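Below are the chains, spelled out letter by letter.
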Amino acid sequence: MMKKWVSLLIVLAIVVCAIFLFVGLVFPDVIHTSEEETLIFWDSRPVLNILVNPEKSNILYAGCGYFYGKNNSVVVSTDYGKSFKRLKNGLMVAINPQNPDIIFVASREDLFRSMDTGKSWSKIDFRKDLKFYAQIFGMKVSKEGTLYLSTTEKLLVSDDNGVHFTDIGLQYSGNCRVFFGENTIYLSMWQGAMSPLHILLKSSDNGKTWKDISNGLRGHLVTALAVNPKDEGVIFVGTTDTSGKVEHPHNETGIFRSTDGGLHWENVGFYDTVHALAVDPVNANIVYAGIDSGLLKSIDSGKTWSKVQLDDNNKDIPIYAITIDPSSSTIYLGTGGAIYRIKEE
């Protein structure tokens, strides 16, 4: 009799676990919040990008999901991360800093725009002016309000909130990802994971002309970039090795730093894939890096680094997104299934 009850309890436990898994995967709009001060949101999917409204820091957006996934969604909090709700199906989110009521949400295939902070949405046909098929890989809006759409073929630009897009006309084609400095634009490009073409381009004239600043990065793919807001000559890039060769640590992937605007680079350690980088907007000597094994912090502009412990378990947590709210020095971290909030000390 006892064995029968034990068997029933085991079956019941399996069924309960399966239900929770089913809800997390099939109904991703179920929002999980936490009462903890550090862990403020958890989900069954990785959190790949986080944005803070530049005018109302109580409003926080996050994109949750996988690039090739279907059950992706953007969530929003209007109370500094105390609670979240689903905003729109999609993976990537961007805000027009000239008018934060304008929000863009994108999936791999589709682009949507809201002119009223997400109350209503319209679909944008970003391919209508193109002569090629492309999927969306990334999306950002510059401080001037220009929308940059990184695709699997070209970098597309719109100055009218997505009404029209133009190809910036680079001689290269392939996957791309865009990053911003205060007065500069950077573009990481590659042609497939195993391709030898991994370049980093820089523009100081809003994309009219570009300069290759890849020399010294050893051909590695640039996956993250941050610029010192007080000195644009100081650039940090995160790289990964896509050659398939594991020669740790001799391949010298990880974090590179330039102090002359990208003319020369030095490896400043951590032979790991770097997913995110951020320079503190108030104290530019403080730099954060998100890697597969956690969060790193430097207080001397990247010369030395230390590991930041996010919870009492001190376990390795991959960090995919880092956003710093300049109004409060609050740091939001997107991980493999949660959002953490920490305060700069």
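Each value, and the rule that gives it
As a convention, each chain's residues are numbered from 1 in the sequence order in which they are written. At least 70 in pLDDT is required for a residue's local features to be given in this predicted model, at least 80 for side-chain atom pairs to be given and counted, and no such filter applies to totals for whole chains, interfaces and linings, which use all residues. Calculated side-chain values reflect all of the structure's heavy atoms, with hydrogen atoms and water omitted. Runs of H or I in DSSP of at least four residues are treated as helices and runs of E of at least two as strands, each being numbered from the N terminus. Here the accessible surface of atoms and residues is derived via Shrake-Rupley with a 1.4 Å probe, and residues count as covered only by protein chains that are part of the display. We call a residue buried when its accessible area falls under 20% of the maximum for its residue type, exposed when it is over 50%, and partly exposed in between, using a 1.4 Å probe and counting protein chains only. Salt bridge criterion: a side-chain nitrogen from Lys or Arg within 4 Å of a carboxyl oxygen from Asp or Glu. Each pair of strands is called paired provided DSSP finds at least two bridges between the two strands. To form a nonpolar core, buried Ala, Val, Leu, Ile, Met, Phe, Trp, Tyr and Cys residues must be joined to one another through side-chain atoms within 4.5 Å. Residue contacts follow a heavy-atom distance rule, with two residues in contact if any of their heavy atoms lie within 4.5 Å. Aromatic rings from Phe, Tyr and Trp, with only the six-membered ring used for Trp, were paired whenever their centres fell within 6.5 Å, and each pair was classed as stacked if the ring planes differed by under 30 degrees, edge-to-face if by over 60, and tilted otherwise. Whether a charge lies above a ring is judged from NZ of Lys or CZ of Arg, which has to be within 6 Å of the ring centre and within 35 degrees of the ring normal.

Asks: What am I meant to see in the overall build of the chain here?
Replies: Counting its secondary structure elements, the chain contains one helix and 29 strands. Surface exposure of the chain reaches about 16,900 Å², of which carbon and sulfur atoms provide 54%.

Asks: Can you walk me through unusual backbone geometry in this structure?
Replies: Trans is the common state for peptide bonds, and a negative phi is the common state for residues other than glycine. The phi dihedral of asparagine 161 is positive, around 60°, even though this residue is not glycine. Mapped onto the elements of the fold, asparagine 161 is located in the loop between strand E13 (155-158) and strand E14 (166-167). For asparagine 161, a relative accessible area of 19% corresponds to the buried category. At serine 329, a position not held by glycine, the phi torsion is positive, near 60°. Locating serine 329 in the fold gives a position in the loop between strand E27 (319-325) and strand E28 (330-335).

Asks: Quick question: what am I supposed to make of the pattern of salt bridges here?
Replies: For side chains bearing opposite charge, pairing can occur when the charged atoms are close. Taken as a whole and assessed by the stated rule, the structure comprises six salt bridges. Its salt-bridge partner being glutamate 182, residue lysine 143 comes within 3.3 Å of it at the nearest N-O pair. With lysine 143 in the loop between strand E11 (136-141) and strand E12 (147-151) and glutamate 182 in the loop between strand E15 (175-180) and strand E16 (185-190), this pair connects stretches of sequence that are 39 residues apart. When its relative accessible area of 39% is taken as the criterion, lysine 143 is described as partly exposed. You can call glutamate 182 partly exposed: its relative accessible area is 42%. Between arginine 257 and glutamate 266 there is a salt bridge, with the nearest N and O atoms lying 2.4 Å from each other.

Asks: Would you explain the sheet that holds strand E21 (residues 255-258) in this entry?
Replies: The strands that make up a sheet are held in pairs by hydrogen bonds between backbone atoms, and each pair lies either parallel or antiparallel. Here we have four strands laid out as an open sheet, ordered E19-E20-E21-E22, and antiparallel in their pairing. Here the strands that pair on one side only, and so sit at the sheet edges, are strand E19 (221-227) and strand E22 (266-267). With two bridges joining them, E21 and E22 adopt antiparallel strand pairing. What sits directly across from phenylalanine 256, in E22, is asparagine 267.

Asks: Mind showing me how you'd approach the nonpolar core here?
Replies: Generally speaking, soluble globular proteins have nonpolar side chains that are buried together. Of all hydrophobic cores here, the largest spans 18 residues; its most connected members are Phe104, Leu111, Phe126, Ile136, Met139, Leu149 and Phe165. Of all elements in the fold, only strand E7 (92-95), strand E8 (103-106), E11 and E12 reach the threshold of two or more residues within this core. At three residues, the largest contribution of residues to this core is made by E11. Residues contacting phenylalanine 104, with those up to four places away along its chain left out, are Met92, Val93, Ala94, Leu111, Phe112, Arg113, Ile124, Met139, Val141, Leu147 and Asn161. Counting 16 residues, the second largest nonpolar core, distinct from the first, contains Tyr288, Leu310, Ile317 and Ile319.

Asks: What's the story with the environment of glycine 138 in this structure? I'm lost.
Replies: Within the secondary structure layout, glycine 138 lies in strand E11. By relative accessible area, glycine 138 is classed as buried at 12%. Spatially, the C-alpha atoms of glycine 138 and serine 107 are 9.2 Å apart, while their sequence positions differ by 31 residues. Those residues in contact with glycine 138 that sit more than four places away from it in its chain are Met92, Tyr148, Leu149 and Ser150.

Asks: Looking at this structure, how should I read the pairing of E16?
Replies: The side chains of a regular strand alternate, first on one face of the sheet and then on the other. Here E16 lies mainly inside the structure; six of its six residues are buried. Alternating residues of E16 divide into Ile185, Leu187 and Met189 and Tyr186, Ser188 and Trp190, and every residue in both groups is buried. Inspection of the sheet shows E15 paired to E16 by six bridges, in the antiparallel sense. Paired with cysteine 176 across the bridge in E16 is methionine 189. The loop that links E15 with its antiparallel partner E16 comprises four residues. Two elements, E16 and strand E17 (residues 198-203), share six bridges in a ladder whose sense is antiparallel. Note on E17: the bridge partner recorded for tryptophan 190 is histidine 198.

Asks: How do you make sense of the sheet that holds E14 when you look at a structure like this?
Replies: Strand order in the open sheet formed by four strands is E11-E12-E13-E14, with antiparallel pairing between adjacent strands. Both edges of this open sheet fall to E11 and E14, since each of them pairs with a single strand only. Judged from the four bridges that link them, E12 and E13 form a sheet pairing that is antiparallel. Bridge pairing links serine 150 to leucine 155 in E13.

Asks: Is there a simple way to think about the packing of aromatic side chains in this case?
Replies: Considering all chains together, one arrives at four aromatic pairs under this definition. For the pair phenylalanine 41 and phenylalanine 84, a centre-to-centre distance of 4.8 Å together with 50° between the ring planes defines the contact as tilted. You can see phenylalanine 41 sitting in strand E2 (residues 39-42) and its partner phenylalanine 84 sitting in the loop between strand E5 (73-77) and strand E6 (85-89), a full 43 residues away along the chain. The same class applies to phenylalanine 41 and to phenylalanine 84, which are both buried. Through successive ring pairs, a cluster of aromatic residues spans Phe67, Phe137 and Trp190. The lysine or arginine in question, lysine 88, covers the ring of phenylalanine 112, its NZ or CZ lying 4.3 Å from the ring centre. If you follow arginine 108 out to its NZ or CZ, it ends over the ring of phenylalanine 67, 5.9 Å from the centre.

Any link to function would need more than the numbers given here.
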